[in-house]
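# Coordinates in review
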Amino acid sequence: MRVTNPKSLWFRSFNTGPMQRVAMVVFPYAGGGAAAFHSWLPHLPSWLALHLVQLPGREERFWETPLFRGADIVENVSEAIVSMLDIPFLLFGHSMGSILAFEVARQLRRICSCNPSALLVSGHCAPQLISRTPRLADLPDWDLVRQAIRLYGGIPAEVLNDFELVELMARALKADLRVIESYQYVAEEALHCPIAAYGGHADPWVTQTELNAWREQTKSAFMAQQYEGGHFYFRSVESERQLLRSLRRISERVPVGNPLF
């Protein structure tokens, strides 16, 4: 389904302008919006354009109907990337965002034979594996949010005391969980871009072995790195600093053509 919105609505963009050398497109985790990554801005170079994917049904797009099919998200975001980006770009995604970023990389290969400079995935097992995360999408709103807090963290438990807030959160979260829980991997030729896979040492849903399995999805270089913390390891100041240092190092190497890692 093609959503008839201006391409720019799919991104909340920063550091755009004629001096930008590289762009990074960031895909959110389930229930998340672009605002979840605003804290990264001061820690990334000014020449790196940051395009945070903003899905329907949250933040300034709250009044739009959320999308329940991953293919719809992939189609729309891929077309937006083709229409907007004319410099080398990286794709980064966390959790659900990792699968979206991966499928966008494959879609871009189909529609324009173009590749990101690197695919950067976080907090999700390789797509050819069966995810061990529990299925939550069919739960009632309150149970859905409560289980998401218990299983993944990343949401203040106090949210459960506010019925209206639970309803608001559950709307986008339920749509995103349907996206990821209905995902079916289809084997294709491995990507030609490098892949870096990140995760938290204490993430119960993504082991080092499951991160390493992303290696099968590239014919180029591969790197896997774990930091201290759980599923939302980058909520820790130190782990966020280490992750952003890695992302910055990779982005610095893109324009000069050096090996990224």
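The residue count restarts for each chain, going from 1 along the sequence in the order it is written. Local features in this predicted model are restricted to residues whose pLDDT is 70 or higher, and side-chain atom pairs enter the listing and the counts only when it is 80 or higher, whereas totals over whole chains, interfaces and linings include all residues. Excluded from the side-chain calculation are hydrogens and water; included are all heavy atoms of the structure.

Quick look at the overall build of the chain now. Within the chain one finds 6 helices and 7 strands. For the chain, the C-alpha radius of gyration of 17 Å lies close to 18 Å, the compact-globule estimate for 261 residues. Summarising its shape, the C-alpha atoms of the chain cover approximately 50 × 40 × 40 Å along the three principal directions. Buried, partly exposed and exposed residues are distinguished by accessible area as a fraction of the type maximum, computed with a 1.4 Å probe on protein chains only: under 20%, between the cut-offs, and over 50%, respectively. Buried residues in the chain amount to 53% of all 261 residues. Long-range pairs, those at least 24 residues apart, make up 79% of the contacts in the chain between residues at least 6 apart in sequence. Where accessible areas are quoted, they stem from the Shrake-Rupley method and a 1.4 Å probe; at the residue level, only the protein chains shown are allowed to cover. If you sum the accessible surface of the chain, you get close to 11500 Å²; carbon and sulfur atoms cover 54% of it. Numbering of helices and strands runs from the N terminus, with a helix taken as a DSSP run of H or I at least four residues long and a strand as a DSSP run of E at least two residues long. Here the globule rule is a power law, 2.2 Å times the number of residues to the power 0.38, and the radius of gyration is based on C-alpha atoms. The criterion used for residue contact is that any of the two residues' heavy atoms lie within 4.5 Å.

What follows deals with the sheet that holds strand β3 (residues 48-53). Strands sit in the order β1-β3-β2-β4-β5-β6-β7 across an open sheet of 7 strands; the sheet is mixed. Unpaired on one side and paired on the other, β1 (11-14) and β7 (222-227) mark the two borders of the sheet. The sheet shows a mean angle of 15° between the axes of neighbouring strands, taken without regard to direction. Here, strands pair whenever DSSP counts at least two bridges between them. Pairing analysis gives 5 bridges linking strand β2 (residues 22-27) to strand β4 (residues 89-94), with the strands arranged parallel. In the sheet register, Val25 faces β4, and the bridge partner there is Leu91. To obtain each axis, a line is fitted to C-alpha atoms, and for helices this fit is confined to the stretch in contact; angles are then taken between N-to-C directions over 0 to 180 degrees. Sheet strands touched by helix α1 (residues 70-84): β1, β2, β3 and β4. Its angle to β1, the strand with the most contacts, is close to 35°. Against the sheet, helix α6 (residues 237-253) makes contact with β2, β3, β4, β5 (118-122), β6 (195-200) and β7, and its axis sits at roughly 160° relative to β7, the strand it touches most.

Below, the discussion takes up the packing of aromatic side chains. Pairing of aromatic rings covers Phe, Tyr and the six-membered ring of Trp, with a centre-to-centre limit of 6.5 Å; geometry is then stacked below 30 degrees between planes, edge-to-face above 60, and tilted otherwise. This model, assessed by the stated rule, comprises 14 aromatic pairs. Taken together, the aromatic side chains of Tyr29, Phe37, Trp40, Phe92, Tyr198, Tyr227, Phe232, Tyr233 and Phe234 make up a single cluster linked through ring pairs. Here, a charge over a ring means that NZ of Lys or CZ of Arg falls within 6 Å of the ring centre while also lying within 35 degrees of the ring normal. Here the guanidinium or amino end of Arg61 rests over the ring plane of Trp10, the centre of that ring lying 4.4 Å away. For Arg171, the ring lying beneath its charged end belongs to Phe62, and the centroid distance is 4.7 Å.

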